[in-house]
Amino acid sequence: MLASHPLLQQLSLPPRPPPFQFSSSYSPRLLSFRALSCFKPLARPSTASAGAGAGGDYNRLIQSLCAQGHLAQAVQLLPHEHNPSQRTYEALILACGRHNAPSHAAAVHRHLIDHGLDQEPFLSTRLIDMYSHLDRLNNARYVFDRTREKTIFVWNALLKALALADQAEEALALFREMGRLGVPMDSFTCSYVLKACIASSSHPSAAPHRVKQIHAHFCRHGFASRVYVVTTLIDCYAKLGSVAYSERVFNGMIERNVVSWSAMISCYAKNERPFDALELFREMMVKEPETVPNAVMMVNALQACAGLAALGQGKVFHAYILRNALDSVLCVVNALIAMYSKCGSFEMARRIFDRMSDRRDVVTWNSMISAYGVHGFGEKAIQVFHDMISAGVSPSPITFVSVLGACSHAGLIDEGKRFFESMSREHGISPRSEHYACIVDLLGRAGRLDEAVKIIEGMRIEPGPTVWGSLLGACRIHCNVELAERACVRLFELEPVNAGNYVLLADIYAEAKMWEEVTRVRKLLEAKELQKVPGCSWIEVKKKLYSFVSVDEMNPQIEQLHALLVQLVNEMKNNGYVPNTKIVLYDLEPAEKERILLGHSEKLAVAFGLINSGSGMEVQRMAEKLSKEMKMESKLHFASLMTSTVPSLMSQM
C-alpha cells in the first residue's frame, strides 16, 4: 500500500488553514502557501512506481498519485524529489486544475520556479491553462509576462484565458501584438480570438463588426479553407444571429466534417429555423452517408424537433440514440427531456427524468423545471426547484430563467419576486438581462406596469432589448401607449432593423384607435425598408413535416383550408370565442378583419392537419402546443377553445 511507504509515514500533517487567496499583484515571493491536506489510504500502485519511490526517484510515484486523484499526497512528495521531470510537473499542474486546488497550484508553481523550470514554454503553457481554469487571470498574466521564450502555444494559452474570462478588449490587444511582433498564428489562434469577440459582454454591439474584421483577416492570411477555423466562424455568426453569413461560410467549404455539419444544424436550430435544421440533417445523411452523427449533432437535431413539435421525428432520433448507446451522454438525455416536453409528451419527459436519478446535473433539473413551466404547472416547477436544492445541486443562471418563466406563465407573482430576490442573496448569482426581462414580463402580464418600470430603472446593468421587449409586450396586453412609446425609443436604438418592434407598436396604436399613428409607423417601416418576417408554423402529418406561412396563397389546398377554418371558427363562436380583430392594422369592417385572421400560419397548419391526418392526434398536439406558446390573452382563449373543439370536429369528418 502507498500509505505504508516509509516516506509517507514520516510526513507531518498540520491543521487545515483558511482557503488560499491569490493577490491581484501576484508575486511568487509573496505567496502564502496553504498547509497540505491529510492523506487517505490509497490503492496499491504498480510495482514499477513503488520501486521507483523506494530507490529515491519519486517522479513516477508522484505521477501515479496524480493519475489516481491523490493530489495532496503528490504535492507532499514533491520536496523529496531532487530532480522533478517535466512530465511530473505537467501531471501536478493538470491535477491542480482538475481538482480546483489553488493552494496546491501555488505550491507547485513555487517549486517549479525554485528548480528553474519556469522558463520552459511547455510548462508555462500548462500553468496559464491551469490558472485560467482556477479563475486566477492575474496569475496567468504573470506567467506569460515572465516567460522569455513565448511560443505560439504560450500566446494561444493566454488568448484562450482572456476569451474565457470575458476580457475581449485585452484579448484583441494581445492578438494585435502578435501581429506586430510577427508571431505566426495557427487555427487555434483564430478560434480563440473569434470566441473573444463573441464572449464580450461589455461591448456586445461591437461583436458583429469585429467578427467580420477578423474573418477578413483570416481570408487574407489563408485560413479561410481550414475546417476548424471555418467551423468556428459558422458558430460565431450563428451566435450573433447572422444566419445568412453562416450559410455563406458553410456553403463555401471545400471540406466538411461532422463538427461542421453540426455547427450549421445548430445555427438553424438556435435561430428559430428548425425546419431548415432537419432538412440539413437529411441532406447530410444523403450526401455524406459516411458521416456518423455524434452526441452534439443529436442534441441540435432534438432541439429542432422541439421547435417544430415534431414528435414523430423526435422518436426516430431517440431510437437512433438508443441503438448507438448515446443515451449514456448526459447532454443527449437532457435534450430528450426538453424535446418530449415541448412536443406535448410530458409523461415521457418525466419518465426519462425519473430514470436518471443518479446522474442528474443542473441542466437536467432545468429541463424539468422548464417542462412544468411550459405546461402551466408553475407550482410543480417550483417544487422541482426545491427538490434540486435538496439534492445538493446548485442552481445556474438558466435555472432562474426557467423558474421565473414558470412563475410568469402561471401568474405566481409573489413567488416569482421571491425567486428573483433570492438569486444574489441566497445563491450568489447576479441577475442578468434575461432575468430582468423575466421579472418585467411577470409583473407586466399582471398589469403591474409601474412596478415593472421601477425594476428597469433600478437595474445595475444597462437594460437590453430583451428587457425593453418584455415591457413592450406587457404594454401590448394592457394597451399602455405612453410606456410603449418609451420602450420603443430604446428598442429602436438597440435594434434598429428589428421590424417586429415597429409592428408591435403599431398594434398598440391600432388597439387605441390611433390610426394616424399606425400610418406613421407603417411609413417609417417602409422608409427604413424593413419588413416583418411572416409567421411560420409547422405540423407533422404521417411522418412528414409541412410548413406554413401567414397568408399562404401558394398552398394547393388553400381553399379547403379556409373553408374548414370558417367552419371551425363558427363552431368556436358558439362556445364563446370572439375573434381579436384589433391586431389587424387596417381600418376595415369587422368581417373583413376576421377573414384576414384566417390566414394566420397556426390556423392554416391545424386545418391542414384536420384534412390530412386520419387520427387527429397530431392536430390535437398542435392545438395544445399553441395553447402553451401563445402569450397574448386573446390568443390563449382561441387556443384553448380550439383544443376543445378539434375532437368534436374530428368526429364529424
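Residues numbered from 1 in each chain as written. Predicted model: local features only at pLDDT ≥ 70, side-chain atom pairs only at ≥ 80, totals over all residues. Heavy atoms only, no water.

### Side note on the overall build of the protein chain
Helix and strand counts for the protein chain stand at 35 helices and two strands. Counting every position in the protein chain, which comprises 653 residues, the buried fraction comes to 50%. When contacts within the protein chain are restricted to residue pairs at least 6 apart in sequence, long-range pairs at least 24 apart make up 63% of them. (Helix = DSSP H or I, 4+ residues; strand = E, 2+ residues; numbered from the N terminus. Buried < 20%, exposed > 50% of the residue type's maximum accessible area, 1.4 Å probe, protein only. Contact = heavy atoms within 4.5 Å.)

### Quick look at empty space enclosed by the protein
Within this structure, the stated rule accounts for two cavities of 30 Å³ or more. When its volume is computed, the second largest cavity comes out at roughly 30 Å³. The biggest single contributor to the lining of the second largest cavity is helix α8 (residues 137-146), with three residues. Looking at the lining of the second largest cavity, its residues break down into three nonpolar, two polar and two charged. (1 Å grid on protein atoms, 1.4 Å probe; cavity = no way out; pocket = protein on both sides within 12 Å on 5 of 7 lines; lining within 4 Å. Points joined across faces, edges and corners; volume = space filled by probe spheres on them. Nonpolar A, V, L, I, M, F, W, Y, C, P; charged D, E, K, R; others polar.)

### As for the pattern of salt bridges
Applying the stated criterion across every chain yields a total of 23 salt bridges. Measuring nitrogen to oxygen at the nearest pair gives 2.8 Å for the salt bridge that ties Glu517 to Arg520. Of this pair, Glu517 and Arg520 both sit in helix α30 (residues 515-527), three residues apart, which is roughly one turn of that helix. Overlapping salt bridges bring together Glu247, Arg273 and Asp276 as one network. (Salt bridge = Lys/Arg side-chain N within 4 Å of Asp/Glu carboxyl O.)

### Some remarks on the environment of His80
Residue position: His80 is located in the loop between α4 (71-77) and α5 (86-98). His80 gets classed as partly exposed once you look at its relative accessible area, which sits at 32%. In sequence terms His80 and Tyr58 are 22 residues apart; their C-alpha atoms lie 7.5 Å from each other.

### With respect to the packing of helix α17 (residues 295-308) against helix α18 (residues 311-323)
In contact at an axis separation of 9 Å, α17 and α18 are set at 160 degrees when each is read in the N-to-C sense. With respect to each other, α17 and α18 are oriented roughly antiparallel. The way α17 lies across α18 gives a crossing that is left-handed. Touching Met298, Ala301, Leu302 and Cys305 of α17 are Gln313, Gly314, Phe317, Tyr320 and Ile321, all from α18. In terms of residue class, the contact of α17 with α18 is built from seven nonpolar, two polar and no charged. (Axes fitted to C-alpha atoms, helices over the stretch in contact; angles between N-to-C directions. Parallel < 35°, antiparallel > 145°, perpendicular 65-115°, else oblique. Left-handed = near helix turned anticlockwise from the far one by under 90°.)

### Describing the environment of Pro84
Residue placement: Pro84 occurs in the loop between α4 and α5. Along the primary structure Pro84 and Asp57 are separated by 27 residues, whereas in three dimensions their C-alpha atoms are 8.8 Å apart. In this view, Pro84 contacts Asn59, Leu78, Tyr89, His115 and Leu117; residues no more than four positions away in its chain are not counted.

### As for helix α23 (residues 397-410)
Compared with the 20 Å implied by 1.5 Å per residue over 14 residues, the 20 Å span of α23 between its first and last C-alpha is a close match. Taking burial as the measure, the 14 residues of α23 include 10 buried ones, the bulk of the element. Buried within α23 are the following residues: Pro397, Thr399, Phe400, Ser402, Val403, Leu404, Gly405, Ala406, Cys407 and Ser408. Buried residues belonging to α23 abut α21 (362-374), α22 (378-390), α24 (413-427) and α25 (433-445). (Expected span 1.5 Å × (residues − 1).)

### Structural notes on the pairing of strand β1 (residues 536-541)
Burial within β1 is extensive, with five of its six residues counted as buried. Across six bridges, the pairing between β1 and strand β2 (residues 544-549) is antiparallel. When the bridges of β2 are listed, Ser537 appears paired with Phe548. Adjacent in sequence and paired antiparallel, β1 and β2 are bridged by two residues, among which Lys542 carries a positive phi angle near 50 degrees. (Pairing = 2+ DSSP bridges.)

### Considering helix α26 (residues 449-457)
Every buried residue of α26 is accounted for by Leu449, Ala452, Val453 and Ile456. Projection of α26 onto a plane perpendicular to its axis shows the buried side chains occupying an angular sector of 100 degrees, all on one side. Opposite the buried face of α26, by more than 90 degrees, sit the exposed residues Asp450 and Lys454. Packing partners of the buried residues in α26 comprise α25, α27 (465-478) and α28 (481-494). (Arc of directions from axis to C-beta.)

### Quick word on the nonpolar core
Among the nonpolar cores identified, the biggest contains 172 residues, and Leu92, Ile128, Phe218, Met339 and Leu471 are the most heavily contacted of them. No other element matches the 10 residues that α17 contributes to this core. Dropping the residues within four chain positions of it, Ile128 is found in contact with Ala140, Val143, Phe144, Val154, Ala157, Leu158 and Ala161. Within the second largest apolar cluster, 15 residues are counted, among which are Leu564, Leu565, Ala605 and Ala607. (Core = buried A, V, L, I, M, F, W, Y, C linked by side-chain atoms within 4.5 Å.)

### Focus on the UniProt feature "repeat: PPR" (unreviewed entry) in the protein chain
As recorded in UniProt, the sites labelled "repeat: PPR" (unreviewed entry) are residues 151-185, 257-291, 361-395 and 396-431. Counting secondary structure, residues 361-395 comes out at 74% helix and 0% strand; the distance between its end C-alpha atoms is 10 Å. (UniProt positions renumbered as here; feature names shortened; annotations may be inferred.)

### Focus: the packing of aromatic side chains
This model, assessed by the stated rule, comprises 16 aromatic pairs. On the numbers, 5.3 Å between centres and 80 degrees between planes, the contact of Phe353 with Trp365 is edge-to-face. Of this pair, Phe353 sits in helix α20 (residues 346-355) while Trp365 sits in helix α21, and the two are 12 residues apart along the sequence. Per residue, the accessibility class of Phe353 equals that of Trp365, and both read buried. By way of ring pairs, the aromatic residues Phe188, Tyr192 and Tyr228 are connected into one cluster. A cation over a ring is seen here: Arg256 above Trp261, with NZ or CZ 5.1 Å from the ring centre. The side chain of Arg360 reaches across the aromatic face of Trp365, ending 5.1 Å from its centre. (Phe/Tyr/Trp six-rings, centres within 6.5 Å; stacked < 30°, edge-to-face > 60°. Lys NZ or Arg CZ within 6 Å of the ring centre and 35° of its normal.)

### With respect to the environment of Ile508
Note that Ile508 resides in helix α29 (residues 499-511). For Ile508, a relative accessible area of 0% gives the class buried. Expressed as a C-alpha distance, the spacing of Ile508 and Leu472, which sit 36 residues apart in the sequence, is 9.3 Å. Discounting residues that sit within four places of it in the chain, Ile508 has contacts with Leu472, Cys475, Arg476, Cys479, Asn480, Val481 and Ala484.

### Re the side chain of Thr399
Inspection of the secondary structure assignment puts Thr399 in helix α23. Contacts of Thr399, omitting those with residues within four sequence positions, involve Val362, Asn366, Ile369, Phe385 and Met388.

### Comments concerning unusual backbone geometry
Phi is positive for Asn100, close to 50 degrees, though the residue is something other than glycine. As for its placement among the helices and strands, Asn100 is situated in the loop between α5 and α6 (102-114). If you check the backbone angles, Asp135 has positive phi at about 60 degrees while not being a glycine. The residue Asp135 is located in the loop between α7 (121-133) and α8 in this model.

### Here's the deal with the packing of helix α11 (residues 187-199) against helix α12 (residues 207-220)
α12 packs onto α11 with a crossing angle of 165 degrees between their chain directions and a minimal axis gap of 9 Å. The pairing of α11 with α12 is recorded here as roughly antiparallel in orientation. For the pair α11 and α12, the crossing hand works out as right-handed. Contacts between α11 and α12 involve Cys190, Val193, Leu194, Cys197 and Ile198 from the first element and Ala207, Arg210, Val211, Ile214 and Phe218 from the second.

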